[in-house]
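Coordinates in review
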Amino acid sequence: MSDRVLIFDTTLRDGEQSPGATMSHDEKLEIASLLDEMGVDIIEAGFPIASEGDFAAVNEIAKAAKSATICGLARANYEDIDRCWDAIKCAKSPRIHTFIGTSPLHRQIPNLTMDEMAERIHDTVTRARNLCDNVQWSPMDATRTEWDYLCRVIEIAIKAGATTINIPDTVGYTAPRESANLIRGLIERVPGADEVVFATHCHNDLGMATANSLAAVEAGARQIECTINGLGERAGNTALEEVVMAMKTRHDILPFDTEIDTSKIMHISRRVAAVSGFAVQPNKAVVGRNAFAHESGIHQDGMLKNPQNFEIMRPEDVGLSATSLVMGKHSGRAALRSKLADLGFDLGDNQLKDVFVRFKELADRKKEVFDDDLVALTRDSGADPAEEHLKVKFLRVVCGTQAPQSADITLTIDGVDQQATAQGDGPVDATFNAVKELYPHKAKLQLYQVHAVTEGTDAQATVTVRMEEDGILATGESADTDTVVASAKAYVAALNRLRTRREKLGGKEVREVSYKDAG
Ligand code: KIV
Ligand code: ZN
């Protein structure tokens, strides 16, 4: 059996489907391209039948992919499968992933008997295989399905043409030894098992997703399904960075190989955190802010003597530069460009110019400028000037212990300065009300999130604002040492994007069905 393990990334499907993590069309395209560049074998780009927006995103990702296989999800019915194929058939390497819940509980959802379900599996996998040579089939909630029935339906799927059999631990219920036994047992018992790839798809409800996935690989699985930062519903999915770095770092006991360029991990982790609005916890394995920080005196001393005393992975292996202290206010543009390139950002001239101006402003206000500060600056510099109908020119808030607070704002709207004052419950609410007075809109605030980029009272705050109007989503981000200023800019950036997107789409982007609706 080969030692090569395929990495199947489902950030854009299972990850994105978790409540609150919805990404916009452009954000999905950006993440897909980063996944492709980093060497992911299969990208599950979405669930095409869910909505027009999902279909369009999967379809564009399929057109743009350079080397990854592009996979779409479909429930066990012809309409889903045909729609999925329409979305992905333009890819250089397309894959249909069809599934049905096989456990006693999940069988009740479509209300089929065991025999009826077996027939449905035969028919739908056959349909998928008639369209596409590369078909993945999943018995959802496999880890709570009776073994005999599981073997029976997997055999049917293989005979009908499935080329990958995925074993989902849908509710994060299994444990490493059980995960390994299940995969080993299926490979031993199911006729035809040696002709297909077995995959493992774990959820992290009990914090065992990484361990369960690796145990499955040791038992013979050769595809791991995972997401960046472990993004996903409830406690999330297996984290790509964890399984990949575990196999790389402990290759002595996990002698499996992937094609992942691990130096791209930090950058994509940051981008997924930014566009999903799901921040990475500081002590998260591999990508957390503290994963390579050594603060205690004893650790620092040991690190200076030999980094291997406390570091099992080198920061540069995951794309972190050796030191996180950047330049001072005298650093030039070339140094900034090279530092940003180290961090994985390849900015165009205009964007670099914008980041450079703001870097200088920041360096004047803040004692030390760190890598994370620079990353934050790049986030709100991406605005296309053509999209900038609104711009924050001036903001002053009056706040204190006595409500209401008030905000005095000047916005440049399509080149003309306009001023308003409004009150609100807190400085941010007052600011948003003032913006609304100048630019009335029906968009609803879906997410408002503030993160301190580094430590200290002079730290920058990164603010993420997500707005929704008629099913169209737009996210705005901004960083500033003043949280209210960052909030105003992020709010305005979201409104600008929403307007551009509405113009581009000219229709709705409403999610219509969920993959959990039935089989
Ligand atoms: O967790 C799960 O069972 C899934 C399936 C659709 C594969 O995501
Ligand atoms: Zn899942």
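For the structure given in this document, a descriptive report is provided here.

What counts and how
Residues numbered from 1 in each chain as written. Chains lettered and ligands numbered in written order. Predicted model: local features only at pLDDT ≥ 70, side-chain atom pairs only at ≥ 80, totals over all residues. Heavy atoms only, no water. Helix = DSSP H or I, 4+ residues; strand = E, 2+ residues; numbered from the N terminus. Rg over C-alpha atoms; globule rule 2.2 N^0.38 Å. Buried < 20%, exposed > 50% of the residue type's maximum accessible area, 1.4 Å probe, protein only. Contact = heavy atoms within 4.5 Å. Areas by Shrake-Rupley, 256 points an atom, 1.4 Å probe, with all protein chains shown as cover. Lys, Arg positive; Asp, Glu negative; His and termini not counted. Charge placed at Lys NZ, Arg CZ, Asp CG, Glu CD. Donors = N, O, S within 2.8 Å, 3.2 Å for Na, K, Ca; no water. Core = buried A, V, L, I, M, F, W, Y, C linked by side-chain atoms within 4.5 Å. Domains from an automatic or database assignment. Near = heavy atom within 4 Å. Polar contact = N/O pair within 3.5 Å; in protein donor to acceptor, adjacent residues only side chain to side chain. Nonpolar A, V, L, I, M, F, W, Y, C, P; charged D, E, K, R; others polar. Phe/Tyr/Trp six-rings, centres within 6.5 Å; stacked < 30°, edge-to-face > 60°.

1. Some details on the overall build of the protein chain
Along its length, the protein chain carries 17 helices and 14 strands. Relative to the 2.2 N^0.38 estimate, which gives 24 Å for 519 residues, the radius of gyration of the protein chain is 25 Å and therefore close to what a compact globule would have. Out of the 519 residues belonging to the protein chain, those deemed buried represent 56%. Excluding contacts between residues fewer than 6 apart, the proportion of contacts in the protein chain whose partners are at least 24 apart in sequence is 68%. For the protein chain, the accessible surface area stands at approximately 22,200 Å², while carbon and sulfur atoms represent 50% of it. Between the centroid of the 58 positive side chains of the protein chain and the centroid of its 79 negative side chains there is a distance of 3 Å.

2. Considerations on the coordination of the zinc ion (ligand 2)
For the zinc ion (ligand 2), every protein donor is listed as Asp14 (OD), His201 (NE2) and His203 (NE2), and the spread of their distances is 2.0 to 2.1 Å. All donors to the zinc ion (ligand 2) come from one chain, and their sequence spacing reads D-x186-H-x1-H. Considered together, His201 and His203 belong to a single accessibility category, that of buried residues.

3. Structural notes on the nonpolar core
Counting 89 residues, the largest nonpolar core has Trp137, Ile154 and Ile165 as its most contacted members. It is helix H7 (residues 147-160) that provides the largest number of residues to this core, a total of eight residues. Two domains share this core, each providing at least three of its residues, namely domain 1 (6-276) and domain 2 (297-380).

4. Overview of the site of ligand 1
Near ligand 1 you find twelve residues, and of these Arg13, Asp14, Thr170, His201 and His203 are the closest. Between ligand 1 and Thr170 there is a distance of 2.6 Å, counted from an oxygen atom to a side-chain nitrogen or oxygen. Side-chain polar atom of His203 to an oxygen atom of ligand 1: 3.0 Å apart, as the coordinates give it. Relative to its unbound accessible surface of 260 Å², ligand 1 loses 100% to contact with the protein. For the shell around ligand 1, the secondary structure elements donating two or more residues are helix H1 (11-15), strand E4 (94-101), strand E5 (135-140) and strand E6 (164-169). Counted by class, the shell around ligand 1 contains four nonpolar, six polar and two charged residues.

5. What about unusual backbone geometry?
Ala403 connects to Pro404 through a cis peptide bond whose omega is -5°. Tracing the backbone through its elements, the reader meets Pro404 in the loop between strand E9 (390-398) and strand E10 (405-413). Positive phi, close to 70°, is recorded for Val286, a residue that is not glycine. The residue Val286 is located in the loop between helix H11 (265-276) and helix H12 (297-305) in this model. Assessed through its relative accessible area of 8%, Val286 is described here as buried.

6. Brief notes about the packing of aromatic side chains
Scanning the entire structure with this criterion turns up three aromatic pairs. With a centroid separation of 6.4 Å and an interplanar angle of 35°, the aromatic rings of Phe356 and Phe359 are classed as tilted. A residue pair is termed a helical-turn pair when its members lie 3 or 4 positions apart in one helix, as Phe356 and Phe359 do in helix H14 (residues 349-365) at three residues. Accessibility assignment for this pair places Phe356 and Phe359 in one class, buried. With a centroid separation of 3.9 Å and an interplanar angle of 5°, the aromatic rings of Phe432 and Tyr491 are classed as stacked. Here the residue Phe432 occupies a position in helix H16 (residues 427-438), and Tyr491 occupies one in helix H17 (residues 483-505), the gap between them amounting to 59 residues.

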